[in-house]
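Residue strings, one per chain:
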Amino acid sequence: MLFLDLDRFKTINDTLGHPAGDSLLQQAAKRLKTTLREEDTIGRVGGDEFLILVSELTTLEDVGHVADKILKALSAPFLVADYELHVSASIGISLYPRDTDDADALIQYADTALYLAKEQGRNTFRFFSPELDSSVRTRLHLENDLRSAIDKNQLFLQYQPLMDLETGHCSGAEALLRWQHPEHGLISPDDFIPIAEETGLIIPIGEWVLGQACLQARLWQDAGMVDFRVSVNLSRRQLEQAGLPATLRQILHETGCPPQLLELEITESSTMSHPEQAIVRLNALHEMGIGLALDDYGTGYSSLAYLKRFPLDRMKIDRSFVEGIPDDSDDVAIVQTTIVMARQLRLKVVAEGVETSAQRAFLKALGCDEIQGYLFAKPMSAGDVRNHCAVVWEKHKK
Ligand code: C2E
Ligand code: MG
Ligand code: MG
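Values in this document were obtained by computation on a predicted structure and should not be read as measured data. (Residues numbered from 1 in each chain as written. Chains lettered and ligands numbered in written order. Predicted model: local features only at pLDDT ≥ 70, side-chain atom pairs only at ≥ 80, totals over all residues. Heavy atoms only, no water.)

**Quick notes on the domain arrangement of the chain**
How large an interface is tends to be reported as the accessible area lost when its parts come together. In terms of domain boundaries, the chain breaks down into domain 1 (2-128) and domain 2 (143-397). For domain 1 and domain 2, the distance between their C-alpha centroids amounts to 42 Å. (Domains from an automatic or database assignment.)

Below is the structure:
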C-alpha cells in the first residue's frame, strides 16, 4: 500500500489558483497510470493524496523500486498555466501481510510512513515500522497539545540576566520559553520550537512571547531598573512574515514598552534563506528603535558580505566556542577574532554559556562587552531577576 502526497501542492493552489491545481492533479494522475501496471490500483483519496495498491510483489527491494519509479515519473516538470512547475512527491509504504491484515490499518500505517517521508526532506519514500508508529504518535500528540498550550497557560517565560563586564551590573535579560506539559513535565524549547516552526504555531506562540517580554520590560522599567534590556528570540518563520514590523509596533504600543528596551535575537540561518528580504525587514525594525542581535554566532554559514549589511547592534558568540577558552587554542583564536571583528563593525559582543571565572576573566581581557551564562545567573523567573540584579547592584556599591 503506497500513500502518495504531492509536496507543497497547497502553495500551487494558493498562488496559481484552483484550475491550475486541478490541471496539475490530472497530469500527475496520468503519469501515475502510465508508470504503474494494468493490475495495480490507483485512487485519489482527497486533495493531493493518492493511494496505490501494488500487488504480487515479494521483496522490499521490488516495492522500493516501484516507489522510486513513481518519484522519477513525477520529477519531470509539469506545464501548468504557462508555468513549468517542478513538483515532487512523498510516499509512505505499508505491507500486507507483514504489517497488518486489516485494510484500514494498512492505510493508516502507510499514512504514518508518509509523515516520516515528509519530515525527512520530501521527494522520498519510507516504510512503516512499529517503532515509527509510536514515535509519530508521541510527536502528533505533542503537536496537538502545543495547539492548546497557550490557552491552557502551559507556556511561560524565564529570563536569564546578562552581565556588563565593565560595570559588573545586570544589563538586561534574555527571555527563554518553557512549556510545562501536564504529562511530560517541563519540555525544553529545543524539543518543541522545531514542532512549532513546522506547524506554523510559532507565529501565535512567538507573538505571545513578544507580548509577555515587552510587558515585563515595561514593568522592570517602572520598578526603577533603568535601561534594562529584554532580548527575545525570533524564529525564521516570524522573520519571514511581512507583517512583523506592524505586529511589533502594536505590541510595543499596547504594552507601553519603549522600543529601545527590546532586542530581537536572530540567527545566521534564519536570515540567509532570503537575505535581501531579511535586510529590508530588519531595517524596518531597526528604524523603529528595536535592537538586533545575532545569536549563536559562528554556528551557521556566516556570509560576511550580508552581515555587514544587517543593521545589527550586537553579536552573541555561541556557547560551543566559549566552552574551550582559555585552554583550547582554536576556540581562543575564534573568540578573539570575533571580538576584534565585532569591534571593527561597531557591534557589542556577548559571550554565551560562560560557566567559569577563568572564562570571564579571559573574555574581559579580550574586550568582550557582556557575558551570559550559569556563572552569573541561570534562567529564572521575572521576580527572581529583580532580586538577583538588586543583590548584584548592592554588592557593587559596597
Ligand atoms: P539560545 O537563544 O542560544 O539561548 C541560550 C540557551 O543556552 C538557553 O537554553 C540557556 O538556558 C542556555 N544557557 C545559558 N547559559 C548557559 C550555560 O552557562 N551553560 C549551558 N550549558 N547552557 C546555558 P534554552 O533555554 O534551553 O533555549 C534553547 C534555545 O531555544 C535558545 O537558544 C533559542 O534558540 C530557543 N528559544 C528559547 N526561547 C525561544 C522563543 O521564545 N522563541 C524562539 N523562536 N526560540 C526560543
Ligand atoms: Mg538567544
Ligand atoms: Mg544563543
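Right, picking up where we left off after that structure.
**A word on the coordination of the magnesium ion (ligand 3)**
Around the magnesium ion (ligand 3), the protein contributes the donor atoms D295 (OD), D296 (OD), E352 (OE) and E352 (OE), which lie 2.0 to 2.6 Å from the metal centre. Read from N- to C-terminus, the donor residues coordinating the magnesium ion (ligand 3) fall into the pattern D-D-x55-E. The distance between the magnesium ion (ligand 3) and the magnesium ion (ligand 2) is 3.9 Å, with D295 acting as a donor to both metals. Taken together, the residues D296 in strand β13 (residues 291-297) and E352 in the loop between β15 (348-351) and α15 (357-366) connect sequence positions 56 residues apart. D296 sits in the partly exposed class, given a relative accessible area of 24%. Judged by relative accessible area, which is 10%, E352 ranks as buried. (Donors = N, O, S within 2.8 Å, 3.2 Å for Na, K, Ca; no water. Helix = DSSP H or I, 4+ residues; strand = E, 2+ residues; numbered from the N terminus. Buried < 20%, exposed > 50% of the residue type's maximum accessible area, 1.4 Å probe, protein only.)

**Side note on the sheet that holds strand β1 (residues 2-6)**
The mixed open sheet is built from 5 strands, whose spatial order is β2-β3-β1-β6-β7. Only two strands of the sheet have a single neighbouring strand rather than two, namely β2 (41-46) and β7 (125-127). With strand direction ignored, the average angle separating the axes of adjacent strands in the sheet is 20°. Contacting β1, β3 (49-53), β6 (89-93) and β7, helix α4 (residues 103-119) runs over the sheet at an angle of about 135° to β6. (Pairing = 2+ DSSP bridges. Axes fitted to C-alpha atoms, helices over the stretch in contact; angles between N-to-C directions. Contact = heavy atoms within 4.5 Å.)

**Quick look at the coordination of the magnesium ion (ligand 2)**
Around the magnesium ion (ligand 2), the protein contributes the donor atoms E174 (OE), N233 (OD1), E265 (OE) and D295 (OD), at 2.0 to 2.2 Å from the metal centre. Going along the chain, you hit the donors of the magnesium ion (ligand 2) in the pattern E-x58-N-x31-E-x29-D. Among the residues examined, N233 registers a relative accessible area of 30% and is labelled partly exposed.

**Observations regarding the site of ligand 1**
Close to ligand 1 lie 22 residues; R178, D295, R319, E355 and Y374 are nearest. N233 places a polar side-chain atom, nitrogen or oxygen, 2.9 Å from an oxygen atom of ligand 1. Residue D296 places a side-chain N or O atom 3.0 Å away from an oxygen atom belonging to ligand 1. Protein contacts shield 85% of the accessible area of ligand 1, which totals 810 Å² for the unbound molecule. Looking at the shell around ligand 1, its residues break down into 8 nonpolar, 5 polar and 9 charged. (Near = heavy atom within 4 Å. Polar contact = N/O pair within 3.5 Å; in protein donor to acceptor, adjacent residues only side chain to side chain. Areas by Shrake-Rupley, 256 points an atom, 1.4 Å probe, with all protein chains shown as cover. Nonpolar A, V, L, I, M, F, W, Y, C, P; charged D, E, K, R; others polar.)

**Let's talk about the state of the cysteines**
Inspection of the entire model under this criterion finds 1 disulfide. Each sulfur of the disulfide joining C170 and C389 lies 2.2 Å from the other. Measuring the twist about the S-S bond at about -90°, one finds the C170-C389 disulfide to be left-handed. With C170 in strand β9 (residues 170-181) and C389 in helix α16 (residues 382-397), this pair connects stretches of sequence that are 219 residues apart. Assessed through its relative accessible area of 9%, C389 is described here as buried. Not engaged in a disulfide, the cysteine C257 finds its nearest cysteine sulfur in C214; these two sulfurs lie 4.3 Å apart. (Disulfide = S-S within 2.5 Å.)

**Some thoughts on helix α9 (residues 244-255)**
Think of an α-helix as 3.6 residues a turn; residues three or four steps apart then line up on the same face. Look at α9: 16 Å from first C-alpha to last across 12 residues, which is about the 16 Å you get at 1.5 Å a residue. Along α9, the positions that sit buried rather than exposed are L244, P245, T247, L248, I251, L252 and T255. Buried residues of α9 fall within an arc of 155° about the axis and therefore sit on the same side. For α9, exposure combined with an orientation more than 90 degrees from the buried face picks out H253 and E254. Where α9 is buried, its residues touch α7 (202-222), α8 (236-239), β12 (262-267) and α11 (275-287). Immediately beyond the C-terminal end of α9, within one or two residues, lies G256, with a positive phi of roughly 70°. (Expected span 1.5 Å × (residues − 1). Arc of directions from axis to C-beta.)

**A look at the pattern of salt bridges**
Counted under the stated rule, the structure contains 21 salt bridges. The salt bridge involving E240 is made with R236; its shortest N-O contact spans 3.6 Å. Members of the salt-bridge network, linked through shared partners, are R229, E263, R314 and E370. (Salt bridge = Lys/Arg side-chain N within 4 Å of Asp/Glu carboxyl O.)

**Details of the side chain of D5**
The residue D5 is located in strand β1 in this model. The exposure class assigned to D5 is buried, which follows from its relative accessible area of 9%. Here the side chain of D5 touches K118 through a polar contact of 2.7 Å, side chain to side chain.

**Focus: unusual backbone geometry**
Each neighbour pair has its own omega, and for Y96 with P97 the value is 5°, a cis peptide bond. Within the secondary structure layout, P97 lies in the loop between β6 and α4. In this model, I325 is joined to P326 through a cis peptide bond whose omega is 5°. Checked against the element boundaries, P326 lands in the loop between α13 (319-322) and α14 (329-344). The phi dihedral of N123 is positive, around 50°, even though this residue is not glycine. Assignment of secondary structure puts N123 in the loop between α4 and β7. Phi is positive for D227, which is not a glycine, with a value near 55°. Relative to the helices and strands, D227 resides in the loop between α7 and β11 (229-233). The exposure class of D227 is exposed, given its relative accessible area of 65%.

**What to know about the packing of aromatic side chains**
Tallied over the full model, the rule gives 5 aromatic pairs. Centroid distance Y159 to W220: 5.0 Å. Interplanar angle 75°. Geometry classified as edge-to-face. Of this pair, Y159 sits in strand β8 (residues 155-164) while W220 is found in helix α7, placing the two residues 61 residues apart along the sequence. Taking relative accessible area as the criterion, W220 reaches 2% and is therefore assigned buried. A centroid spacing of 5.5 Å and a plane angle of 80° characterise the contact between W179 and F192, whose relative ring orientation is edge-to-face. (Phe/Tyr/Trp six-rings, centres within 6.5 Å; stacked < 30°, edge-to-face > 60°.)

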